[in-house]
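Take a look at the letters that make up each chain.
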Amino acid sequence: MTESTLRSHLEKVPVKIFNDRDEGSKLVAREIASLIKEKNKLDKFTVLGLATGGSPLLLYKELIKIHKEEGLSFKRVITFNLDEYYPMKPDDANSYHHFMYENFFSHVDIEPENINIPDGTLSVEKIDNYCRDYDNKIKSLGGLDIQILGIGRTGHIGFNEPGSQSGDETRLVHLNEITIEDAAKGFGGKENVPRSAITMGVKTIMQAERVFLMAWGREKSEVIKAAVEGPVTGELPASFLQNHPDAVIVLDPAAGSHLSRIETPWLAGKCDWTDRMQKKALIWLSGHTKKPILKLTESDYKEWGLNSLLQTGEKAYDLNIEIHNKLQQTITGWPGGKPGSDDKTRPERSEPFPKRVIVFSPHPDDDVISMGGTLIRLAEQGHDVHVAYQTSGNIAVFDDDAYRFMDFVRGISKKMSVCEPEFEKIYQNIAGYLKTHPGNGNGNPDVLTVKGLIRQGEAAAACRFSGVKEENVHFLDLPFYETGSVEKNPVSQADIDIIVDLLREVKPHQIYAAGDLQDPHGTHAVCLHAIFDALKVVKEEAWTRDCWVWLYRGAWQEWDVEDVEMAVPISPDELKKKRMAIFKHQSQKDEPVFPGTDSREFWERAEDRNRETAKLYDSLGLTEYEAIEAFRRYKF
Ligand code: F6R
């Protein structure tokens, strides 16, 4: 287990950053397991405070594994959950009761009477007494031995939202707007999220013997920095942990990415001046001084704490030029390489030309959203471009659209007198299902097929528009995705085989893939791992020696500039064309089924992001473009 050991004096609570959430969760699981074992031996109860949500999921998985494989018994474990929505019935799929049984309790030998979860069914008058009893019960057991926490984007722990006090005990609270937004996906819309919850208070949490707060992913990085490095304040309740004698913050690199030791290590202590770190420092300095890199002076370096960067004897002027040139050399209008040119300082090889290219797109629209400009350029510049849609994306289509398309096909078949009784049977089945299951059509496999076909049609149209040949469009429909719900199956050999077959058929010189590894259970990361696994299978084959892999950023953020290895400029006209390609995905337009927490449409998010990158390059003193798509190289 490799954990980042460098610690900054700015961190006011111990922080451990692990390679990924799996490693972090395993550490916490081991701590809990050894405490239970120790207490079991002494015939004592272990009292645990538990959280729900995405953060502790892998922890529970690991504890279940330890129970099954190593016989860890939970018979003498008493648990208290942090919170429950109010009002909420325990058998509701969105209740924390349901979550805990589904993800943990049903898989271990805990006694049901030892499980305590706030009751979301009480009448309002009964809540105060109930909460006092909840706290008293914890106290009577000698307090919590270990408390597990996640953190909300508001900085909440439990549901102690901004405005909470250190003396708060268990009580009924109102949820913050941001918390409601974050919960909306599970509830099928913001309007369905309860406005209140019963939560353990900050005081109760702080009285736990030990606390582990786990946070994963970039969305948590800002609030983690504030909680760890900022002042202790009720406006950010997680910051109270700075006053706890034994609290540890457990992070993956993305959640820790805003900590000073990562973002500006030169300010947080000793810094290892690698090439990347020098780039990062100058980009940062340029941002703070609002000067292009070539105008930075020695006194700027000194004033902003970058003395150590010049201690190697290098002059600011020379370093400025070196970094400026390195950044300039990432820019190319020839993402497939410029044929016949000297490619020593270009991001891509000039030969072979044309190249065979596979663009892997996790969902049917990621290709055009994330790298539409580059895709269009590759096709225009004469490369043999293939696009492989990894998943069907079928759950992200409204029932109403499925209905509309069925009506359309029925209309055609009737008008053209090819209406077959078989088709009518399917039509009736689908229409009947949609009528009797409003808003819930994904339970029917035929509905899912129609939805998948709608997305195929849109992707094919976007490819046609972008200049990709029809025979080069591949719908892989990876089986892991086909569950009809947000929860997916694990990737299997069948998924890998499908990708391996395509790689062997095309033998690409270039592969583009969505490089989002932050959420290991998100479809993008699963799809990327499936590509990596497939590459492992073929890696001894001769063609792979001439194959480069480029990662584009699938979500809404772009790569940090210091990590970009190829920056493809997009002209105003190309940006318009990219927008039109995104518009082909009509089922995702206006308001998609899964909009996330961003109110902008997909094309707006893509344009903002590409323009932002161009602006950043411009502000560093590099050429000014309308927009830029950025890539990192992955060496396998
Ligand atoms: C859950 C809880 C909340 C969550 C927090 C993070 O019991 O009390 O504080 O821990 O909202 O949620 P996730 O882990 O889903 O990001």
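What counts, and at which threshold
Residues numbered from 1 in each chain as written. Predicted model: local features only at pLDDT ≥ 70, side-chain atom pairs only at ≥ 80, totals over all residues. Heavy atoms only, no water. Salt bridge = Lys/Arg side-chain N within 4 Å of Asp/Glu carboxyl O. Helix = DSSP H or I, 4+ residues; strand = E, 2+ residues; numbered from the N terminus. Buried < 20%, exposed > 50% of the residue type's maximum accessible area, 1.4 Å probe, protein only. Core = buried A, V, L, I, M, F, W, Y, C linked by side-chain atoms within 4.5 Å. Contact = heavy atoms within 4.5 Å. Near = heavy atom within 4 Å. Polar contact = N/O pair within 3.5 Å; in protein donor to acceptor, adjacent residues only side chain to side chain. Areas by Shrake-Rupley, 256 points an atom, 1.4 Å probe, with all protein chains shown as cover. Domains from an automatic or database assignment. Buried area = accessible area lost by both parts, 1.4 Å probe. Pairing = 2+ DSSP bridges. Axes fitted to C-alpha atoms, helices over the stretch in contact; angles between N-to-C directions.

A. Spotlight on the pattern of salt bridges. Summed over the entire model, instances satisfying the criterion amount to 45 salt bridges. In this structure, Asp 563 engages Arg 276 in a salt bridge whose closest nitrogen and oxygen atoms are separated by 2.6 Å. Residue Asp 563 is located in the loop between strand E16 (548–552) and strand E17 (566–570), and its partner Arg 276 is located in helix H10 (residues 275–289); the two are separated by 287 residues in the primary sequence. Classification of Arg 276 as partly exposed rests on a relative accessible area of 36%. Across the salt bridge formed by Arg 349 and Asp 546, the nearest N and O atoms sit 2.9 Å from each other. Taken together, the positions of Arg 349 in the loop between helix H13 (316–328) and strand E12 (356–361) and Asp 546 in the loop between helix H19 (523–538) and E16 put the pair 197 residues apart, joining distant regions of the chain. Residue class for Arg 349 comes out buried when judged on its relative accessible area of 11%. Connected through shared salt-bridge partners, Arg 276, Lys 280, Glu 562 and Asp 563 make up one network.

B. Layout of the nonpolar core. In this structure, Phe 104, Ile 148 and Leu 213 are the most contacted members of the largest nonpolar core, which totals 65 residues. It is helix H1 (residues 21–41) that provides the largest number of residues to this core, a total of seven residues. Once residues lying within four places of it in the same chain are set aside, the contact partners of Leu 213 are Leu 149, Gly 150, Ile 151, Ile 157, Ile 224, Ala 238, Leu 241, Val 248, Ile 249 and Val 250. Counting 60 residues, the second-largest nonpolar core is a separate cluster that includes Ile 511, Val 526, Val 538 and Trp 559.

C. Main features of the site of the ligand. Residues in contact with the ligand amount to 14 residues; listed here are only the nearest, Ser 55, Asp 83, His 156, Gly 158 and Lys 220. A distance of 2.4 Å is found between an oxygen atom of the ligand and a side-chain nitrogen or oxygen belonging to Ser 55. Residue His 156 places a side-chain N or O atom 2.6 Å away from an oxygen atom belonging to the ligand. When isolated, the ligand has an accessible area of 410 Å², and the protein chains bury 84% of it.

D. Inspection of the domain arrangement of the chain at higher detail. The domain architecture assigned to the chain consists of domain 1 (11–261), domain 2 (271–328) and domain 3 (356–396 + 445–634). The C-alpha centroid of domain 3 is placed 34 Å from the C-alpha centroid of domain 2. Facing the eleven residues of domain 2 at the interface are ten residues of domain 3. Together, the buried faces of domain 2 and domain 3 total about 930 Å²; carbon and sulfur atoms form 56% of this surface. It is Arg 276, Ile 283 and Leu 327 in domain 2 that bury the most area against domain 3; as a group they hold 46% of the surface buried on that side. Our count for the domain 2 to domain 3 interface comes out at three salt bridges. Counting across the domain 2 and domain 3 interface gives four residue pairs in polar contact (both at pLDDT 80 or more). Put simply, the parts of the chain that give the side of domain 2 that touches domain 3 at least two residues each are H10 and H13. With five residues, H10 is the largest single contributor of residues to the side of domain 2 that touches domain 3.

E. Structural view of the sheet that holds strand E5 (residues 83–86). Taking strand neighbours across the sheet as the criterion, the three strands line up as E5-E9-E8 in an open arrangement whose pairing is antiparallel. Each of the sheet's edge strands pairs with one partner strand only, and the pair in question is E5 and strand E8 (171–174). Each strand axis lies, on average, 30° off the axis of its neighbour in the sheet, ignoring direction. Examined bridge by bridge, E5 and strand E9 (residues 196–199) share four bridges and lie antiparallel to one another. Across the sheet, residue Tyr 85 finds its bridge partner in E9, namely Ala 197.

F. How the structure looks around the side chain of Thr 374. Topologically, Thr 374 is positioned in helix H14 (residues 366–380). Residue class for Thr 374 comes out buried when judged on its relative accessible area of 0%. When residues no more than four places from it in sequence are discounted, the contact partners of Thr 374 are Pro 335, Tyr 512, Val 568, Glu 629 and Phe 631.

G. Focus on the pairing of strand E10 (residues 210–215). Among the six residues that make up E10, five are buried, leaving the element largely enclosed by the rest of the structure. Of the pairings in the sheet, the one linking strand E7 (residues 146–149) to E10 comprises four bridges and is parallel in character. By the bridge assignment for E10, Ile 146 is matched with Arg 210. Where E10 meets strand E11 (residues 247–251), five bridges bridge the pair, whose relative direction is parallel. Bridge pairing links Met 214 to Val 250 in E11.

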